[in-house]
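Topology and contacts: notes
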Amino acid sequence: MGVVTDIQQKQVKIAELQAEAEAGRRSRRPRRSAVQGGRGQGEADAMQYTLPLKEKQIEQSKLEAEARKEATIQNAEADAQAKVIDSKAELERRNLFADAEANRVRLMAKAMPSA
């Protein structure tokens, strides 16, 4: 449950960052079209928007990888706990069988006449 919440919080943060990037692009478009610089200026403007977007994509990938890692760890811990529970149940089963066998041997010994 905690991993799902973490993933959802990270997705909300990513969406907020993407919205901020889009707002920044929209606010700068009129200025760019009003002042048409050379081709180099256009490329510089494009890089100004591309780099933050790429950084946010990298951050998103890192967050997703971290969430997958946490989920994997929690699944491994749950599997280990299940194995411990299974082992304890198997031990209890064996103890019950051993007690039953010992009881059967005692009853048989009492039932047999002494020689």
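Residues numbered from 1 in each chain as written. Predicted model: local features only at pLDDT ≥ 70, side-chain atom pairs only at ≥ 80, totals over all residues. Heavy atoms only, no water.

1. A look at the overall build of the chain
Secondary structure assignment for the chain yields two helices and zero strands. Here the chain, with 115 residues, has 9% of them falling under the buried criterion. Here the chain displays about 9600 Å² of accessible surface, and carbon together with sulfur accounts for 58% of that area. (Helix = DSSP H or I, 4+ residues; strand = E, 2+ residues; numbered from the N terminus. Buried < 20%, exposed > 50% of the residue type's maximum accessible area, 1.4 Å probe, protein only. Areas by Shrake-Rupley, 256 points an atom, 1.4 Å probe, with all protein chains shown as cover.)

2. Focus on the side chain of Lys10
Relative to the helices and strands, Lys10 resides in helix α1 (residues 2–34). Relative accessible area serves as the criterion here: at 16%, Lys10 is assigned to the buried category. Not counting the four nearest positions on each side in its chain, Lys10 is found in contact with Leu63, Glu66 and Glu70. (Contact = heavy atoms within 4.5 Å.)

3. Focus on the pattern of salt bridges
Scanning the entire structure with this criterion turns up four salt bridges. A salt bridge links Glu101 to Arg104; the nearest nitrogen and oxygen atoms lie 2.7 Å apart. Highlighted residues: Glu101 and Arg104, both in helix α2 (residues 39–111), separated by three residues, approximately one helical turn. In this structure Glu101 comes out as partly exposed when scored by relative accessible area, which is 38%. Given a relative accessible area of 44%, Arg104 falls into the partly exposed group. (Salt bridge = Lys/Arg side-chain N within 4 Å of Asp/Glu carboxyl O.)

4. Some thoughts on the environment of Glu66
Inspection of the secondary structure puts Glu66 in helix α2. According to the relative accessible area criterion, Glu66 is partly exposed, its value standing at 39%. Along the chain, Glu66 and Asp6 lie 60 residues apart, while their C-alpha atoms are 9.8 Å from each other.

5. Topic: the environment of Arg25
Along the chain, Arg25 falls in helix α1. Note on Arg25: relative accessible area 18%, which makes it buried. Once the C-alpha coordinates of Arg25 and Ala46 are considered, the two residues, 21 residues apart in sequence, prove to be 9.6 Å apart.

None of the figures reported here should be taken as evidence of function without further support.
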